[in-house]
Amino acid sequence: LVSRDVKEEDTIIRFAGTDATIGGHNLAVIAGPCSIETREQAFAVAEEVARAGAQFFRGGAYKPRTSPYAFQGLGEEALRIMSEIRERFGLRIVTEAIDHEALELVAEYADVIQIGARNMQNFSLLRAAGRKRKPVLLKRGMSATLEEFLMAAEYIMSEGNYEVILCERGIRTFTDHTRNTLDLSIVPAVQRLSHLPILVDPSHGTGKRNKVLPLARAAVAVGADGLIVEVHNQPDKALSDGAQSIYPEQFAQLMDECSQIAAVL
Ligand code: PEP
Ligand code: MN
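None of the values given here were measured: they were computed from a predicted structure. (Residues numbered from 1 in each chain as written. Chains lettered and ligands numbered in written order. Predicted model: local features only at pLDDT ≥ 70, side-chain atom pairs only at ≥ 80, totals over all residues.)

**What about the overall build of the chain?**
Counted only if it meets this: A helix here means a DSSP run of H or I that spans at least four residues, while a strand means a run of E at least two residues long, and both kinds are numbered starting from the N terminus. Radius of gyration means the value over C-alpha atoms here, while the globule rule gives 2.2 Å times the residue count to the 0.38 power. Here a residue counts as buried when 20 or more other C-beta atoms sit within 10 Å of its C-beta, as exposed when there are 12 or fewer, and as partly exposed otherwise, the C-beta atoms being derived from the backbone.
Of the regular secondary structure elements, the chain holds nine helices and ten strands. Taking 265 residues into account, the globule formula puts the C-alpha radius of gyration at 18 Å, and the chain, at 17 Å, falls close to it. Projected onto the principal axes, the alpha-carbon positions of the chain cover approximately 45 × 45 × 40 Å. Looking at the chain as a whole, 48% of its 265 residues qualify as buried.

Okay, structure coming up:
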């Protein structure tokens with residue numbers, strides 16, 4: 001089902017009530033904080049990203065943290081805050097379901113269900129997401145091959161949900177000057193084999209604020225269908241991923257530069 005042999009034309013995902021789409025080389029941009037921390041923080045960031053032209057808002061409600069003692073997310077309260085953000089700013093909401101319990105609530109509140117890198121091969125969660133009637137943003141596992149990545153998407157589609165959005169977010173390599181190594185070469189590789197949209201996450205892909213804009217430009221230049229970017233109004237106070245979160249002014253610059261690149265492609 002993921003294959004271009006089965007479906008030649010690009011899959012384009014539409015969202016009722018907006019002209020926002022994902023797929024078909026149409027630069028979809030998802031932006032927002034790593035985690036929803038407070039209503040004030042979420043609204044402040046949403047206002048800025050909406051003003052800069054993002055059509056989608058991201059924010060973690062359930063966080064897959066390395067340490068069990070680190071901030072785990074506000075859960076359903078964060079989902080309620082993001083529903084308010086959708087009403088107020090017209091942004092579509094993208095948020096991660098880390099397990100089956102979260103999936104039920106995320107599918108209720110969000111516009112796009114995110115499956116994180118750590119769950120890319122959680123086959124029972126993939127199947128369950130495939131039974132929901134909301135688009136699924138599937139992030140590449142940190143050591144997943146192209147074949148494994150596409151077969152994970154196949155699990156979702158095999159249950160009847162054909163609205164799958166792939167996302168490259170960096171892989172583990174020996175190099176340690178960035179948090180992960182952003183594998184931009186997977187973008188054209190996916191596009192040759194599959195009709196599904198492929199986004200790039202330069203935030204988790206680099207882990208460093210000053211690398212996000214250059215890699216976002218490169219992702220658009222290589223032909224990605226869009227970006228997912230972490231933005232925070234006070235990154236030094238962020239409860240997760242502050243070091244890779246860009247300032248709202250930088251996000252506005254990113255939008256400007258990336259739209260210009262997309263326009264000449
Ligand atoms: C995220 O987008 O917040 C996230 C946790 O990403 P990943 O699953 O790619 O690490
Ligand atoms: Mn993050």
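**Quick notes on helix α5 (residues 146-158)**
Stated formally: Multiplying 1.5 Å by the helix residue count minus one yields the expected span of that helix. Each residue is represented by a C-beta atom placed from its backbone, and any two residues with such atoms within 7 Å are regarded as in contact.
With 13 residues, α5 should reach 18 Å at 1.5 Å per residue; the first-to-last C-alpha distance of 18 Å fits that figure. The set of residues buried in α5 consists of F149, L150, A152, A153, Y155 and I156. Packed against the buried residues of α5 are α4 (123-130), β7 (136-139), β8 (164-168) and α6 (186-193). Once α5 finishes, G160 follows within two positions and takes phi at roughly 110°, a positive value.

**Digging into the nonpolar core**
Stated formally: Put simply, a nonpolar core is buried Ala, Val, Leu, Ile, Met, Phe, Trp, Tyr and Cys residues tied into one set by C-beta atoms within 7 Å.
F57, L138, I165, L166, L227 and V229 are the most contacted members of the largest nonpolar core, which totals 79 residues. The element best represented in this core is α5, accounting for six residues. Not counting chain neighbours up to four residues away, the residues in contact with L166 comprise L138, F149, A153, V190, L196, P197 and I198.

**Topic: the site of ligand 1**
Quick reminder of the rule: Being near a molecule or strand means, for a residue, that its backbone-placed C-beta atom lies within 6 Å of it. Classes in brief: Ala, Val, Leu, Ile, Met, Phe, Trp, Tyr, Cys and Pro nonpolar; Asp, Glu, Lys and Arg charged; the others, Gly included, polar.
Taken together, C34, G60, P64, E96, G116, A117, R118, K139, R169 and H204 are the residues near ligand 1. The residue makeup of the shell around ligand 1, split by class, is three nonpolar, three polar and four charged.

**Notes on the packing of helix α1 (residues 39-52) against helix α2 (residues 76-89)**
Helix-helix packing is described using two parameters, namely the angle between the two axes and the distance between the axes. Filter applied, for reference: In this analysis, axes come from line fits to C-alpha atoms, helices being fitted only over the stretch in contact, and the angle between any two N-to-C directions falls in the range 0 to 180 degrees. Left-handed describes a crossing in which the near helix is turned anticlockwise from the far one by less than a right angle; the clockwise case is right-handed.
At a minimum axis distance of 10 Å, the contact between α1 and α2 shows a crossing angle of 35°. Note that α1 runs across α2; the crossing there is right-handed. Counted together, R39, A42, F43, A46, E47 and A50 of α1 and I81, I85 and F89 of α2 form the full contact between these two elements. Grouping the amino acids of the contact of α1 with α2 by side-chain chemistry returns seven nonpolar, no polar and two charged.

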